[in-house]
Amino acid sequence: MYGWTGRLLRVNLSKGKAETSQYGANLAKAYLGGRGFAVKILWDELEQGVDPLSPFNKLIFAAGPLTGFALPSSGKLVVAAKSPLTGGYGDGSIGSQAAVQMRKAGYDAVIVERKADKPTVLLVHDNSVEFLDGGALWGLNSFETEKKLHALYGPTAGVLCIGQGGENLVCFANVVSQEGRAGGRPGMGAVMGSKNLKAVVFLGTSDLAAAYPKEMKDLGAEAYREIMMKPNYAFWKRQGTMSTIEWSQENSVLPTRNFSEGIFGKAEAIGGFAMEKLRIGQRGCPQCNMVCGNIIRDSDRKKSELDYENVAMLGSNIGLGDLRQVAALNRVADEYGLDAISLGNVLGFAMEASEKGLIDEKISWGEFKATKALIEDIAHRRGFRGNLLAEGVRSAAEKLDRSSERWAMHIKGLEISAYDCHTTPGMALAYATSSIGAHHKDAWVISWEVKAGRSGYSVEKVDKIIELQRIRAGIFESLTVCRLPWIEVGFELEWYTKFLHAATGLEMTLDGLKLVADRIFNLTRAFWIREYAKNWTKEMDTPPPRWFEEPLSKGPMKGSRLDREKYGAMLQAYYMKRGWDERGVPRVSTLTRLGLEDVARQLKKAKLSE
Ligand code: SF4
């Protein structure tokens, strides 16, 4: 095969053994790579009901057929496992040299099984796999860990590691690389920690084989040029995703005080222009000329890499309007290896719980020092509060006081990311039907929705969400390239079919890629259904009560809230268009059409589908 290495590495941590296997063109064509490979492996190999933090969960690192080639934004991999936060499918993508080095070492994916008996570093150097003592690194934060490993293996080594959050099994701990490039929101860092795996280091020396090397070289050069010529490029380079703070404020969707409002009095102070005044540098993923990580010095004089999601969740959502302080919280989140989105959501929940007198200790909106101390408690699972919040908002609400479930801002256990949806039913549906729980990545429909008419619950919105899920959740996550050139500067989708052809020789149209995307999306859904079994209901695809019951009290959209009945009808329209039944379970005919007959059989046998 070209493009794909055709090789998987399977690592057994309890035995300290590794083996390589080959896979064929059928798997490659049907699932492409990245998320596609990850969900296929987890569906095939995990026992239903496995405890996500037990040795029997599997942790997958998977790249795609474009990863590592000299193509725009192709330095990414997906990290996936059954999630300890949601109990369903979990993954995230990370822009890292580790993606490039893993492929150059000769692997498209690494499957990590069982649990090491002591802290371990996995060193993969081409065909050599070593299980090294990670005892000296255990307890260090992700920045310190990476620094030490780079000192040992060189600055170009690809390192993926966890901080104390992952070690202490915080359910929203992530995997970190390159000082703040992090991924795996639904607790992939905790799964890594549960296996005593502190870090993975990749060193690869082989060149990737393209089907058409000359075409690949020319296309890559042309594509980088094309991106730089786009009209939005110059402004994007100035602010990256940070300009979204101003956009969200203008449109009343900036999450504020635990998603109770859509505008924040101090938005300007944490926005893109404020960031520009403080910026001291920029950082990005390998192979990228969009470079969206903007670095400022935080209030502790440390460097912190900012983007919209992190700033909104650790800023407006907790009532904090000082950008250097927001940056300091972001920095500690990265150091501990805690997902900053979930963390900001959890902190907002804690502040509201404190305000309502549901927890003893006082923590007020925007209180910087106390918040920083609370993050430390969460990362170390210290005390009642630290332990409670380390489980995420769904679990915290269940344990604290059932009344708090109305404003525990999650869907399927994953904390909602940084868009308030009182006024945007389409975005609410996009969150509710995302592959991993309430994440914006699968279908960021909100900017289209605000322009197209935000208050409607139309079928047109449903179509748009499905279309975006095909492109973003399917094509980008399985080719494993960053979607931002397409979204932010309008780099056309047709480029990716050309890239795929040059890399693999495969002639696949966009429609062909969308079919693959549907296969992956339905298999992901089947994974959730299998795990939740009899407990699965359509309520799993419904946003929290707050957005239906508590209208916005400020700004131009004052008085707005979601309509439960209309939302329910839109959800049913979504199910119908997807070929799912009225509970959101894929129909046998749908699975069969996508070549998932065996999945249909398994769901039927377990009496989970019609
Ligand atoms: S646009 Fe940003 S997230 Fe995407 S590859 Fe480039 S640096 Fe990474």
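Quick look at the structure, then. Predicted model, so just to flag it, every value in this text is computed and none were measured.

## Concerning the side chain of asparagine 289
As for its position among the elements, asparagine 289 is in the loop between β13 (279–283) and β14 (293–297). Residue asparagine 289 is classed as buried on the basis of its relative accessible area, which comes to 11%. Polar side-chain contacts of asparagine 289 include one of 3.1 Å to the backbone oxygen of tyrosine 224. The contacts of asparagine 289, once residues within four sequence positions are left out, are Tyr224, Ile227, Met228, Tyr233 and Lys237.

## Notes on the side chain of threonine 145
Within the secondary structure, threonine 145 sits in helix α4 (residues 142–153). The class of threonine 145 is buried, set by a relative accessible area of 0%. In this structure the side chain of threonine 145 is engaged in a polar contact, spanning 2.7 Å, whose partner is the backbone oxygen of asparagine 141.

## Quick word on empty space enclosed by the protein
Counted by the stated rule, this structure contains four cavities of 30 Å³ or more. Considering only enclosed or pocket space, the second largest cavity measures out at about 60 Å³ in volume. The wall of the second largest cavity is formed by Lys412, Thr433, Ser434, Ser435, Phe521, Thr524, Arg525, Trp528 and Trp580.

## A few points about unusual backbone geometry
At glutamate 179, a position not held by glycine, the phi torsion is positive, near 50 degrees. Within the secondary structure, glutamate 179 is located in the loop between β10 (175–177) and β11 (181–183). Taking the relative accessible area as the measure of exposure, glutamate 179 reaches 31% and is therefore partly exposed. At phenylalanine 259, a position not held by glycine, the phi torsion is positive, near 60 degrees. Tracing the backbone shows phenylalanine 259 in the loop between α9 (244–250) and α10 (272–278). Since its relative accessible area comes to 0%, phenylalanine 259 is described here as buried.

## Some details on the sheet that holds strand β15 (residues 303–306)
On the basis of which strands lie adjacent, the open sheet formed by three strands has the order β13-β14-β15 and antiparallel pairing. The open sheet has two free edges, formed respectively by β13 and β15, since each of these has just one partner strand. Between one strand axis and the next, the sheet turns through 35 degrees on average, direction left out of account. Pairing between β14 and β15: four bridges, direction antiparallel. Bridging from a neighbouring strand, arginine 297 pairs with lysine 303 of β15.

## A look at the site of the ligand
In the vicinity of the ligand, the residues found are Ser73, Lys76, Arg181, Gly284, Cys285, Cys288, Met290, Val291, Cys292, Cys482 and Leu484. Its residues placed into classes, the shell around the ligand shows seven nonpolar, two polar and two charged.

## Topic: the environment of serine 417
You can see serine 417 is positioned in the loop between β17 (414–415) and α17 (425–432). Once the C-alpha coordinates of serine 417 and alanine 353 are considered, the two residues, 64 residues apart in sequence, prove to be 19 Å apart. One polar contact links serine 417 to histidine 440, side chain to side chain, over a distance of 2.9 Å.

## What to know about the packing of aromatic side chains
Throughout the structure, instances matching the rule amount to 22 aromatic pairs. On the numbers, 5.6 Å between centres and 35 degrees between planes, the contact of phenylalanine 476 with tryptophan 486 is tilted. Taken together, the residues span a long stretch of sequence, with phenylalanine 476 in helix α19 (residues 459–479) and tryptophan 486 in helix α20 (residues 484–489) at a distance of 10 residues. Both residues of the pair, phenylalanine 476 and tryptophan 486, count as buried. On the basis of an interplanar angle of 25 degrees and a centroid distance of 6.3 Å, the ring pair of phenylalanine 491 and phenylalanine 499 is categorised as stacked. In this structure, phenylalanine 491 and phenylalanine 499 share a single accessibility class: buried. Three or more aromatic residues link up through ring pairs in this structure, and these residues are Phe476, Trp486, Phe491, Trp495, Tyr496 and Phe499. When the ring centre of tryptophan 528 is taken as origin, the NZ or CZ atom of lysine 412, which lies over that ring, is 5.8 Å away.

## A short note on the nonpolar core
Formed by 171 residues in total, the largest nonpolar core has its most connected members in Ile378 and Tyr496. When residues of this core are assigned to their parent elements, the largest contribution, 11 residues, is made by helix α22 (residues 510–532). Excluding anything up to four places from it in sequence, tyrosine 496 contacts Leu66, Phe476, Leu479, Val481, Cys482, Pro485 and Phe491. In this structure, Ala63, Leu77, Val112 and Leu197 belong to the second largest nonpolar core, which totals 29 residues.

## Here's the deal with the packing of helix α7 (residues 213–229) against helix α21 (residues 494–504)
One can describe the packing of α7 onto α21 by two numbers: an axis separation of 9 Å at closest approach and a directional angle of 155 degrees. Relative to α21, the element α7 is oriented roughly antiparallel. The handedness of the crossing between α7 and α21 comes out as left-handed. Between α7, through Glu215, Met216, Leu219, Glu222, Ala223 and Glu226, and α21, the contact on the second element is made entirely by Trp495, Lys498, Phe499, His501, Ala502 and Ala503.

## Some thoughts on α4
The end-to-end C-alpha distance of α4 is 16 Å, a good match for the 16 Å that 12 residues give at a rise of 1.5 Å each. Along α4, the positions that sit buried rather than exposed are Ser142, Phe143, Thr145, Glu146 and Leu149. Taken down its axis, α4 places every buried residue within 160 degrees of arc, on the same side. Facing away from the buried side of α4, by more than 90 degrees, are the exposed residues Lys147, Ala151 and Leu152. Buried positions along α4 lie against β7 (120–125), β9 (158–161), β10, β12 (197–203) and α12 (323–336). Sitting at the head of α4, asparagine 141 places a side-chain oxygen 2.9 Å from the backbone nitrogen of phenylalanine 143. Glycine 154 sits one or two positions beyond α4 and adopts a positive phi of about 95 degrees.

## Section: the sheet that holds strand β3 (residues 59–62)
One key point about sheets: their strands pair by backbone hydrogen bonds, in either a parallel or an antiparallel sense. An order of β2-β1-β6-β3-β4-β5 is seen for the six strands of this open sheet, with the pairing classed as mixed. Because the sheet does not close on itself, it has two edges, and the strands there are β2 (17–22) and β5 (89–95). Averaged over all adjacent pairs, the angle separating strand axes in this sheet is 20 degrees, with direction ignored. Where β3 and strand β4 (residues 76–82) come together, three bridges link them in antiparallel fashion. What sits directly across from alanine 62, in β4, is valine 78.

## Observations concerning the pattern of salt bridges
A full pass over the atoms with the stated rule returns 43 salt bridges. Between arginine 385 and glutamate 361 there is a salt bridge, and its shortest N-O distance comes to 3.8 Å. Separated by 24 residues along the polypeptide, arginine 385 in helix α15 (residues 383–389) and glutamate 361 in the loop between α13 (340–355) and α14 (368–379) bring together distant segments of the chain. Ionic contacts of the salt-bridge type, sharing partners, join the residues Glu361, Glu376, Asp377, Arg382 and Arg385 into one network.

What counts and how
Residues numbered from 1 in each chain as written. Predicted model: local features only at pLDDT ≥ 70, side-chain atom pairs only at ≥ 80, totals over all residues. Heavy atoms only, no water. Helix = DSSP H or I, 4+ residues; strand = E, 2+ residues; numbered from the N terminus. Buried < 20%, exposed > 50% of the residue type's maximum accessible area, 1.4 Å probe, protein only. Polar contact = N/O pair within 3.5 Å; in protein donor to acceptor, adjacent residues only side chain to side chain. Contact = heavy atoms within 4.5 Å. 1 Å grid on protein atoms, 1.4 Å probe; cavity = no way out; pocket = protein on both sides within 12 Å on 5 of 7 lines; lining within 4 Å. Points joined across faces, edges and corners; volume = space filled by probe spheres on them. Pairing = 2+ DSSP bridges. Axes fitted to C-alpha atoms, helices over the stretch in contact; angles between N-to-C directions. Near = heavy atom within 4 Å. Nonpolar A, V, L, I, M, F, W, Y, C, P; charged D, E, K, R; others polar. Phe/Tyr/Trp six-rings, centres within 6.5 Å; stacked < 30°, edge-to-face > 60°. Lys NZ or Arg CZ within 6 Å of the ring centre and 35° of its normal. Core = buried A, V, L, I, M, F, W, Y, C linked by side-chain atoms within 4.5 Å. Parallel < 35°, antiparallel > 145°, perpendicular 65-115°, else oblique. Left-handed = near helix turned anticlockwise from the far one by under 90°. Expected span 1.5 Å × (residues − 1). Arc of directions from axis to C-beta. Salt bridge = Lys/Arg side-chain N within 4 Å of Asp/Glu carboxyl O.

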